Protein chains: 2
Amino acid sequence: MKTAQADRAEQAVAELLADEGLRFTPARRLVVRALADAPGPLTTGDLHTALRSRLPLSSLYRTLTVLAAARVLAREHDGGGVARYELAEWLTGHHHHLVCLVCGEVRDVSIDPQTEGTIAALVERIAGGAGFEATGHRIDIEGKCAACRRR
Amino acid sequence: MKTAQADRAEQAVAELLADEGLRFTPARRLVVRALADAPGPLTTGDLHTALRSRLPLSSLYRTLTVLAAARVLAREHDGGGVARYELAEWLTGHHHHLVCLVCGEVRDVSIDPQTEGTIAALVERIAGGAGFEATGHRIDIEGKCAACRRR
DNA sequence: ATAGCACTGATAATCATTCTCATTCTCGTT
DNA sequence: AACGAGAATGAGAATGATTATCAGTGCTAT
């Protein structure tokens, strides 16, 4: 994420937290920045490494839980069942994931607005047919990433 | 799943297992049948209940692991991070999921072949643009299920 | 019938994650 | 500038889902 953009995002995060009586502490800022710089959702272990153990695991876990509850972060689970976190879509924009079945890496991809419109329409149609009220969708493309293909 | 179809499916499962030197035992048959009758992927707990505790948890877990390794079952993880199992797509056909964010239920949905073709094409395009070799995709439609909407 | 290997089920062990709690920090108020 | 309330931190214990271990059982093929 570029810095001007990142500053605005952090400002927005600070305000959102303040509204809930929470503070945007150094630890939380560290986590938000690490995730803003990541190419895809990170596990708690990834973050612990990325932050060079600057926050103890117990604090990191709590920070992630708090930020996810405040909707600053989104949490999902990878193929092994371990949690991965990324900035919520209101901060990053809507996107999907390329999931490498060999190395386990998950990378963000955006889709052009027109295609995304097509998808949204068919999601509505499918959901409606089942009496389901759709509020969002998630697409994971599974396969082999560029790095693993070379090997 | 209808019975004639189910019989053929079980036959295919038995052969696949035999090829790997494994047996299609009563416990495994029980699990495959329970999943064939389910409207969507089940957690280990769901299965334990559905089978009225007829297999002890340790056996159930091992059975699921073995069947997934043999590609009879597919394993995924729900929003809470707990594992869910369903019959592999070569047995059920390709499909996607409606995920209720209120009650957590996951239900299968199929998409008409034409729409699925459209999706496959755009998945290829997106993946190709990132040097990624796509072998499959998964779409989760998130929202509120019919039952939860009524409440 | 017998040996060899797969299977079962009870139990122990593991791993990610959450909880508890004493301490420290921040910020608004005197 | 000191104070007090609530929020945040970090160490360690506790939990819950899942996996590994192992002794005993049962198929199956020669």
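Keep in mind that what you see is a predicted model, and the values were worked out from it rather than measured. Note that residues are indexed from 1 along each chain, following the sequence as it is written. Each chain is given a letter, starting from A, and each ligand a number, starting from 1, according to the order in which they appear as written. It should be noted that, the model being predicted, local features are given only for residues of pLDDT at least 70 and side-chain atom pairs only at 80 or more, the latter also being counted only at that level, while totals for whole chains, interfaces and linings use all residues. Calculation of side-chain values draws on the structure's entire complement of heavy atoms; hydrogens and water are dropped beforehand.

### Structural notes on the sheet that holds strand β4 (residues 96-100) of chain A
Strand pairing within a sheet occurs via backbone hydrogen bonds; the two strands may be parallel or antiparallel.
Piece 1. Ordered in space as β5(A)-β4(A)-β6(A)-β6(B)-β4(B)-β5(B), the 6 strands form an open sheet in which the pairing is mixed. Each edge of the open sheet carries a strand with a single partner, namely β5 (106-109) of chain A together with β5 (106-109) of chain B. For this sheet, the mean angle separating the axes of adjacent strands, direction not counted, is 30°.
Piece 2. As defined by bridge partners, β4 of chain A adjoins β5 of chain A across 4 bridges and the pair is classed as antiparallel. Its bridge partner lying in β5 of chain A, V99 of chain A is registered against V106 of chain A.
Piece 3. Strand contacts of helix α6 (residues 113-129) of chain A: β4 and β6 (133-144) of chain A together with β4 (96-100), β5 and β6 (133-144) of chain B, with the helix running at about 120° to β6 of chain A, the strand carrying the most contacts.
Piece 4. With respect to the sheet, helix α6 (residues 113-129) of chain B is in contact with β4, β5 and β6 of chain A together with β4 and β6 of chain B, its orientation differing from that of β6 of chain B by roughly 120°. Paired strands are those between which DSSP finds at least two bridges. Under the DSSP-based scheme used, a helix requires at least four consecutive residues in state H or I and a strand at least two consecutive residues in state E, with every element numbered from the N terminus. Note on method: axes are straight lines fitted to C-alpha atoms, helices fitted across the in-contact stretch only, with angles between N-to-C directions ranging 0 to 180 degrees. It only takes one pair of heavy atoms within 4.5 Å for two residues to be counted as in contact.

### Thoughts on the domain arrangement of chain A
Residue and element names in this part refer to chain A.
Piece 1. As annotated, the domain borders come from an automatic or database domain assignment. Looking at chain A, the domain boundaries give domain 1 (1-93) and domain 2 (95-151).
Piece 2. Spacing between the C-alpha centres of domain 1 and domain 2 amounts to 22 Å.
Piece 3. Approximately 650 Å² of surface area, both sides summed, lies buried where domain 1 meets domain 2, with 41% of it carried by carbon and sulfur atoms.
Piece 4. Put simply, buried area is the surface a 1.4 Å probe can reach on two separate parts but cannot reach once they are joined, added for both. A per-residue breakdown of the area domain 1 buries against domain 2 is headed by P39, E76 and E86, which together make up 44% of the total.
Piece 5. Every case where a carboxyl oxygen of Asp or Glu lies within 4 Å of a side-chain nitrogen of Lys or Arg is listed as a salt bridge. Summed over the shared surface of domain 1 and domain 2, the number is 1 salt bridge.

### A word on unusual backbone geometry
All names here are of chain A.
Piece 1. A positive phi angle is found at S53, which is not glycine, with a value near 60°.
Piece 2. Position of S53 relative to the elements: it lies in the loop between α3 (44-50) and α4 (57-69).
Piece 3. Exposure classes here rest on a 1.4 Å probe applied to the protein chains alone. A residue is buried below 20% of its type maximum, exposed above 50%, and partly exposed in between. The class of S53 is partly exposed, set by a relative accessible area of 48%.

### Things to note about the side chain of D78 of chain A
Piece 1. Here D78 of chain A is to be found in the loop between β2 (73-77) and β3 (83-87).
Piece 2. In this structure D78 of chain A comes out as buried when scored by relative accessible area, which is 16%.
Piece 3. When neighbours within four sequence positions are excluded, D78 of chain A is seen to be in contact with T43 and R84 of chain A together with H77 of chain B.

### Thoughts on the protein's contact with DNA strand C
Piece 1. For this description, a residue counts as near a given molecule or strand if any of its non-hydrogen atoms is within 4 Å of it. In the vicinity of DNA strand C, 17 residues are found, and the nearest of them are Y61 and A83 of chain A together with R23, R28 and R62 of chain B.
Piece 2. Restricting the count to atoms of DNA strand C within 4 Å of the protein gives a sugar and phosphate share of 66%.
Piece 3. Between R23 of chain A and DNA strand C, the recorded distance is 3.3 Å, taken from a side-chain N or O atom to a sugar or linking oxygen.
Piece 4. Definition of a polar contact: a pair of N or O atoms within 3.5 Å, with one able to donate and the other able to accept a hydrogen when the atoms are protein atoms, and with sequence-neighbouring residues admitted only if both atoms are side-chain atoms. A distance of 2.7 Å separates a phosphate oxygen of DNA strand C from a polar atom in the side chain of Y61 of chain A.

### Considering the packing of α6 of chain A against α6 of chain B
Piece 1. As a packed pair, α6 of chain A and α6 of chain B sit with axes 12 Å apart at the nearest point and diverge in direction by 145°. In this structure, the crossing between α6 of chain A and α6 of chain B has a hand that is left-handed. From α6 of chain A, T115, I119, L122 and R125 of chain A reach across to α6 of chain B, where they touch T115, I119, L122 and R125 of chain B. What makes a crossing left-handed is the near helix being turned counterclockwise from the far one by less than a right angle; a clockwise turn instead makes it right-handed.

### Side note on the nonpolar core
Piece 1. Among buried residues, those of type Ala, Val, Leu, Ile, Met, Phe, Trp, Tyr and Cys that are joined through side-chain atoms within 4.5 Å constitute a nonpolar core. In this structure, F132 and I141 of chain A together with F132 and I141 of chain B are the most contacted members of the largest nonpolar core, which totals 32 residues.
Piece 2. Residue assignment for this core shows that the elements contributing at least two residues are β4, α6 and β6 of chain A together with β4, α6 and β6 of chain B.

### Remarks on the interface of chain B and chain A
Piece 1. Counting residues at the interface gives 38 residues for chain B, matched by 38 residues for chain A.
Piece 2. Both faces considered, chain B and chain A share a buried interface measuring about 3,100 Å² in area, 61% of it formed by carbon and sulfur atoms.
Piece 3. Here chain B and chain A share 6 salt bridges between them.
Piece 4. With its nearest N and O atoms 3.2 Å apart, the salt bridge here joins E142 of chain A to R138 of chain B.
Piece 5. When residues of the side of chain B that touches chain A are traced back to their parent elements, those giving at least two are β4, β5, α6, β6 and α7 (146-150) of chain B.
Piece 6. Its residues assigned to classes, the side of chain B that touches chain A shows 18 nonpolar, 10 polar and 10 charged.
Piece 7. Taken together, the 11 bridges between β6 of chain A and β6 of chain B define a ladder with antiparallel strand orientation. In the strand pairing of β6 of chain B, H137 of chain A is matched with I141 of chain B. Classification convention: Asp, Glu, Lys, Arg as charged; Ala, Val, Leu, Ile, Met, Phe, Trp, Tyr, Cys, Pro as nonpolar; all other residues, Gly among them, as polar.

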